[in-house]
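One-letter residues, chain by chain:
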Amino acid sequence: MHGNTPITGLKPKDYKTGIKPVWCPGCGDFSVLSAVTKALAHLALPHQNVAMISGIGCSSRLPAYTSVYGFHGVHGRALALASGLKAARPDLTVLVAGGDGDGFSIGGNHFLHACRRNMDMTYIVMDNEVYGMTKGQASPTTAPDWTQSKLTPHGPGVPQFIPAAIALVSGATFIARGFTGNPNGLTKLLVEAIEHPGFSFVQALSPCPTYRPEHKAWKKQVRPVEEEATSDPIIAAQRIQTDDGMSTGVLYQTTVPVWQPEQGISADTGQLEEVFFV
Amino acid sequence: MTAIPNLIIETLPEFLLHAITLERESVERYEELGDSMEVHNNPQIAAVFRKLARYGELHANEIEQHATGLELPRIPPWDFKWTTPESPETGDMEQLHYLMTQGQALIFALHNETQGRDFYAHVAATSTNQEVRELAAEFAEEETDHMNWLNAWIRNLADPDSVSPEDLDPPNVTE
Amino acid sequence: MTNHNTVLTCSTLSVAITGSGGSGVVTTGQMLLKAIANAGYYGLMARSAGPQIRGGESAVMLRLGSEPVDCLDDRFDVLMALDWLNVSRFAEEIPLTASSLIICDPDAGEMPEAIACHGARSLELPLKKLSGAIDGGRINMIALGVLAELLGLPETSILTVVETALAPKGREIVDASRLCISRGYSTEKNAGLEQTLTPVASPAKRWNISGNEASGLGAIRGGVRFVAAYPITPASEILEWLAPSLEKVGGSLLQAEDELASINMIIGGSFGGVPSLTATSGPGLSLMMEGLGLAVTSETPVVVTNVMRGGPSTGIPTKSEQSDLNIALYGFHGDAPHLVLGALNIRDCTFVTDWGVRLAEQFQTVAIILSDQSQGQARSVIDPPPMAPACKGRRTARPDTQEYRRYALTEDGISPMAIPGTSGGAYTADGLEHNEKGTPSSMSLDHQQQLDKRLGKLTGLDPTENWAESRGSGKIAIITWGSSSGAAFEAGRRLEAGGQSARVIAVRLLCPLPGTLMTASLEGVDRILVVEQNHGGQFFHYLRALNLLPDNAEMLARPGPLPIRPGEIMARVSEWS
C-alpha cells in the first residue's frame, strides 16, 4: 500500500484556505473538509488543477475552505455548473459538494442527469437529512415521521429519497456511502471516487448537531458494507434497497465510457462560413 | 494489552510517522476548534483550544526531532494503525457545542490525551521492535503527564461539571 | 410563355406559397430563394405553419429584391396556392390586394372567401394534372417552374438549384423534378405580373443564411467555444448549427437537461476560461434569470441569445414578438448591471452576437442578445456580415500573482480573472456578496463597493458608431429596435420618397443605452414615434425612464404574431402632417 502513495510534500492543511468555517461546532461537515483535504494531499493534486463546485447550504460552503479553484453557485445547480466546467476543461479534476436539499430536492433533476451523463467528476453529498441554513426543514432524505419542523408539523409524510438507489438507476458508475465519524474511511472513499473514471457519487452521512441531535446515534448504527463492491446493478439494487442506509463503503462500481465532448480543431471560422455562400 | 494483529507497528520510522501525525492532526483540530469557537463567539473556550494547540505544537516539534535524519514512510490516511477511527487526539466531534463550558472543553481534551496514551501504550505493548517499544512507552508516559496536567486544571475550575447553558436564541437563518 | 414586354420594373416582389403540409411548400420556397440569389438578387423568406409536427398546413413568404430586404412588404404580389386546404389560417399573414396575382389549380376546389375577398387577379393552372402527367411528378416542382418563369428567372438557374438540392435523393427524382420545372415554365399562362424585378448587375458574393445560423456564426466569430442549451422553439436551429460547427473549431456543445442547467453549465465553462453561450427563448430565459444573476455577481462572462416568440408563458412559440425586452432589462433580482443587445435583421444577428460575446468577455458580465422568431427562423440572401469591433478580451490573472484578489477594486472596475490551471490564482467565485478576495460578506461597505464596481465597469464601454443604425434626417424621428427596424427603415425611405423626410434610429446596444448619443441623434427632432412589436410599449417606456423622450413622443406598439409592416408606420406618421 505504501508504495502506491505518490511522493509529495503537500499536507492536508495545504489544501485549506484558513477561512474559518461557519459550521456549528460538532457538525459532520468539518470531517468532510478534513477528508477532502486528506484525499487531495494523498493524490498530490496541484491546487490549480482542481475545482470544487457547490450550490447553497451549509455543506456548500466547502469551496471557500479549500484552497483549490472554487465556485459557490446558486441553490441546486452545482452539478450543472460543474458539468459545464468539465465539458469545457476536461483537464481539471472537478469535485462537487453539497447537501441533501441542494442535491436531491432543488437540484434533483441535475442529479439524475449527472449520473446518466457519466462525466468524470466526483459528487460529495453531505447528508444530514435536514435544511440547516433555513431553520431545519425536512429534506428529501428526512424520515416521513420526523415532526421537528414547523413546516411539516406532522412529519413530511412521504417516503425518504434513497440517494444511492436513485444514483444507481440513473446510471452513476461509482456509488459509495461514508460517515463523517470515520474521516479516514471517508478519505479512502473520496480517493477511490476521484480516481474512478466517470461520475462518482459519495453520500457522506454528516450529523447536524443543531437540528438533528439524535444523529449522535449514527455512530453506533453505521457499519462497513459486508460484501465487496459489486459491478452488477441488480445485486447493487438489492443491497441498497434492503439495507437501512447505514452501511458504509463502495456500494457499486462499474466502468463504462465517460462522456466527454470531442475537442480537436479541423476548421477555422472562415471555413465554416463557406457553407453560406450562394 | 491484547495486540490487534494488523495494528502492530514494526519499525521506528513507521512509529514516528504515527506519532507525528497524531500530534499534528491534534494541533490542527485544536486550531480548527479555536477558530470555530471564535466564529461562534465563545472566546473563553477558543482560548482553551488555542492553548491546547500551542502545547501540542511544542510536543509535535519534540517528536519531529526524533525523526531527524530518518526517512519516514508515506502511508495513506486510512492505512494508519490507529485504534480509533481518526488519529487518537482529534476528539469526538459530537461532544462539541458552541456554548460548551471550560469543564466540557477540558474533558474533551482529557479524552484526547487518554486516547493518545492508549495508542502509545498499545504500541509499547505490541511492537516487535525494541526501540519502538521503548519510545512508545516514553510517549505514553508523556501523555500521562498531559492527562495529569489536564486533571489538575479541571480540579481547579470553579465549576468543573458545568454543562452548556440553555441557548436563549433560536438558530439563525443564513441563506 | 408570358409576355413581359409591357411590365414595369420594381425593386422588390413578394411571393407567398401555401399548401397542405407535405406538399413541399418549404422546399419550393428554399429553392426559389437560392435561384434568385444565384441570379444576383437579395431575398427574405419567412415561414409559417400550423401546430402539427408533420402534415397540417404550411406557408412560405418571400420577398425578393434588387436591394437588401429586411422586412416583409405590406402586401403580396403573388400567392401560389398548391391547394386550398386550411389556407384561411394564413389569410391574415398574407395580405393581398386587387393587383395581386393568385395562382391556383381549378381542380383544388373553390377559392376560400378569406382569399377571394381581396378581388385579386387569378391565374388558374392545372397543377395537379400537369404533375400527374409526369412519372414521379410533384405539384410543388410545377409551381416552382411557374413562379420562376413569372419572375423572369432563367430556366437554367432554377434547374441548377433543383439538381443540387435533390441530387442526394437520386437520379429519378432529379429527372422528374426537372421535367416538372420545365412544364411549369412552358405551360400557357393567361396572366402575369404587373411588375418585375429591376435587373441587377452580375451577382456579388452573397450568403444565404437563416437568422439562427447567423447568430450561431456570430457566437463563433466572437470566440465562443462552449455552448450548453436546452431545445426550444424558435431557438433550436442556433444549436443545430453550432453543434457540428463548434466541434470543428475545437469547441463543444452540451445538451442540458433544462435551462436551469444550461445557464449554470455555461457559467461553469466560462469560469474555466472558455467563452460560453446559450440560446433560448422567453420561457427558457425566465428559468435562467437566477443563473444570470450569479454570472453578474460572480463576474463570469456569459452570453444568452434569446430568440423571442409570442409571450407570456408558452404563448405563441412559432411566431414572433419583441416582448422580452423587459425581462432582458429588468428580469434580475437585485441590482445587476449587464448588457442587452438587439439584432436589427438577419445579417445583424452575426454582428450583434459577435459584438455581444466580445463585450461580455471584456466586461466580465452577462450579455443578453435579443433576436426573434421572424429573424431566427427566416432565411435571407445577404452581403457577408461585417466583423464586430475588436474588444480587449478577457482580462486574466498572471500566474503566481502576489496577494491575488479576484474582485479587486481597480480603476476601471474590471479585475483580472484567474483561470483554473493558473498557479497561485485559486479563488472561489461566489454568488454571495463578497469582498475583494471573494470571501462572502454582508458588510455594507463591501456590498456598496462591489455594486459600484459592477456598475462602474460598464461606463468604460465604448458604444462606437454601432450602438445604433441611423438613417435619414428631418424633424420626425422613428426610434425602433430589433426586427422592427427593417419596416422602420423602409417606412423612412418611402416617406422620404414622398417628400416627408424622417430619420430612423434603430438601437442595437439597448443596455447600457448611450443616452448622450441618443440625445445627440435626436437633435432638431420635434416628433418621435417609437416602433416595436409588443403589447405594452416596453421600449417606449424604457426610453421614457431614461428621460430620452419628449412629452409628445408616441408609440406604435403592437403585439405579434403579425410582423410590423412599413405601411403601418407610414400611416401612423402621416397622421401627424
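Anyway, here's the lowdown on the structure attached to this text. Note that the coordinates shown come from a computational prediction; the quantities given were computed from them, not determined experimentally. (Residues numbered from 1 in each chain as written. Chains lettered and ligands numbered in written order. Predicted model: local features only at pLDDT ≥ 70, side-chain atom pairs only at ≥ 80, totals over all residues. Heavy atoms only, no water.)

### Focus: the overall build of chain C
Broken down by element type, chain C carries 18 helices and 23 strands. Expected size for 577 residues packed as a compact globule is a radius of gyration near 25 Å; at 26 Å, chain C falls within 12% of this value. Along the three orthogonal principal directions, the C-alpha set of chain C runs to about 85 × 60 × 45 Å. Buried positions account for 60% of the 577 residues belonging to chain C. For chain C, the centre of its 46 positive side-chain charges and the centre of its 60 negative side-chain charges are spaced 4 Å apart. (Helix = DSSP H or I, 4+ residues; strand = E, 2+ residues; numbered from the N terminus. Rg over C-alpha atoms; globule rule 2.2 N^0.38 Å. Buried < 20%, exposed > 50% of the residue type's maximum accessible area, 1.4 Å probe, protein only. Lys, Arg positive; Asp, Glu negative; His and termini not counted. Charge placed at Lys NZ, Arg CZ, Asp CG, Glu CD.)

### A closer look at the packing of helix α5 (residues 108-117) of chain A against helix α6 (residues 163-170) of chain A
Residue and element names in this part refer to chain A. Packing of α5 against α6 brings their axes to within 8 Å, and their N-to-C directions diverge by 50°. Considering their axes alone, α5 and α6 lie oblique with respect to each other. Note that α5 runs across α6; the crossing there is right-handed. Contacts from Phe 111, Leu 112, Cys 115 and Arg 116 of α5 reach α6 at Pro 163, Ile 166, Ala 167 and Ser 170. (Axes fitted to C-alpha atoms, helices over the stretch in contact; angles between N-to-C directions. Parallel < 35°, antiparallel > 145°, perpendicular 65-115°, else oblique. Left-handed = near helix turned anticlockwise from the far one by under 90°. Contact = heavy atoms within 4.5 Å.)

### A look at the pattern of salt bridges
All told, the structure shown has 53 salt bridges over all chains when counted by the stated rule. A:Glu227 is the salt-bridge partner of A:Arg239, the closest N and O atoms lying 3.7 Å from each other. Here A:Arg239, found in helix α9 (residues 233-242), pairs with A:Glu227, found in the loop between β7 (223-224) and α9; they are 12 residues apart in sequence, far enough to count as distant. Among the residues examined, A:Arg239 registers a relative accessible area of 25% and is labelled partly exposed. Across the pair B:Glu31 and B:Arg50 runs a salt bridge whose closest N-O atoms are separated by 2.8 Å. (Salt bridge = Lys/Arg side-chain N within 4 Å of Asp/Glu carboxyl O.)

### What to know about the packing of aromatic side chains
Within a pair of aromatic rings, the relevant descriptors are the distance that separates the centres and the angle that separates the planes. The full count for this structure, using the stated rule, is 31 aromatic pairs over all chains. Judged by centre distance (6.2 Å) and plane angle (80°), the rings of A:Phe104 and A:Phe201 are edge-to-face. Of this pair, A:Phe104 sits in helix α4 (residues 100-106) while A:Phe201 sits in strand β6 (residues 199-205), placing them 97 residues apart in sequence. As far as the burial class goes, A:Phe104 and A:Phe201 line up, both buried. On the numbers, 6.5 Å between centres and 45° between planes, the contact of A:Phe111 with A:Phe161 is tilted. Pair noted here: A:Phe111 is in helix α5 and A:Phe161 is in the loop between β4 (121-127) and α6, with a separation of 50 residues, a long-range link. Taking the relative accessible area as the measure of exposure, A:Phe161 reaches 21% and is therefore partly exposed. An aromatic cluster of at least three residues, connected via ring pairs, comprises A:Tyr69, A:Phe71, C:Phe271, C:Tyr404, C:Tyr407 and C:Tyr427. Its end group placed over the ring of C:Trp576, C:Arg527 keeps NZ or CZ at 4.3 Å from the ring centre. (Phe/Tyr/Trp six-rings, centres within 6.5 Å; stacked < 30°, edge-to-face > 60°. Lys NZ or Arg CZ within 6 Å of the ring centre and 35° of its normal.)

### Some points on the nonpolar core
Counting 161 residues, the largest nonpolar core has A:Ile53, C:Leu292, C:Ile479, C:Val507, C:Met518 and C:Phe539 as the members making the most contacts within it. Ranked by residues supplied to this core, first place goes to helix α12 (residues 346-363) of chain C with nine residues. Other than its neighbours up to four places away in sequence, C:Ile479 contacts C:Ile505, C:Val507, C:Met518, C:Leu522, C:Ile528, C:Leu529, C:Val530, C:Val531, C:Phe539, C:Leu543 and C:Leu549. If you look at the next biggest cluster of nonpolar residues, it comprises 58 residues, including A:Ala41, A:Ile124, A:Phe174 and B:Ala109. (Core = buried A, V, L, I, M, F, W, Y, C linked by side-chain atoms within 4.5 Å.)

### Some remarks on the interface of chain A and chain B
If you look at the interface, chain A gives 41 residues, while chain B gives 33 residues. Buried surface at the junction of chain A and chain B, summed over both partners, amounts to about 3200 Å²; 57% is from carbon and sulfur atoms. Inspection of the chain A/chain B interface yields five salt bridges. A:Lys20 serves as the salt-bridge partner of B:Glu38, at 2.6 Å between the closest nitrogen and oxygen. Taken together, the links from chain A to chain B amount to four residue pairs in polar contact (both at pLDDT 80 or more). (Buried area = accessible area lost by both parts, 1.4 Å probe. Polar contact = N/O pair within 3.5 Å; in protein donor to acceptor, adjacent residues only side chain to side chain.)

### Focus on the interface of chain C and chain A
Opposite the 59 residues of chain C that make contact, chain A presents 45 residues. For the interface between chain C and chain A, the tally reads two salt bridges. For A:Arg117, the salt bridge identified is with C:Glu257, shortest N-O distance 2.6 Å. Put simply, chain C and chain A have 21 residue pairs in polar contact (both at pLDDT 80 or more) between them. Counting only elements with at least two residues in the side of chain C that touches chain A, the list comes to α1 (25-38), β9 (207-210), α7 (211-222), α8 (236-248), β11 (252-255), α9 (259-271), α10 (282-298) and β17 (428-430) of chain C. Per-element accounting of the side of chain C that touches chain A gives the leading share, eight residues, to α9(C).

### Comments concerning the sheet that holds strand β12 (residues 276-280) of chain C
All names here are of chain C. Strand order in the open sheet formed by seven strands is β11-β10-β12-β13-β15-β14-β21, with mixed pairing between adjacent strands. This sheet does not close on itself; its edge strands, each paired only once, are β11 and β21 (509-511). Each adjacent strand pair in this sheet contributes to an overall mean axis angle of 25°, direction not counted. Relative to the sheet, α12 contacts β12, β13 (302-308), β14 (339-342), β15 (366-372) and β21, its axis offset from that of β14 by approximately 170°. (Pairing = 2+ DSSP bridges.)

### Side note on the side chain of C:Ser281
Mapped onto the elements, C:Ser281 comes out in the loop between β12 and α10. Filtering out sequence-adjacent residues up to four positions away, C:Ser281 remains in contact with C:Ile232, C:Thr233, C:Pro234, C:Asn306, C:Val307, C:Met308 and C:Arg309.

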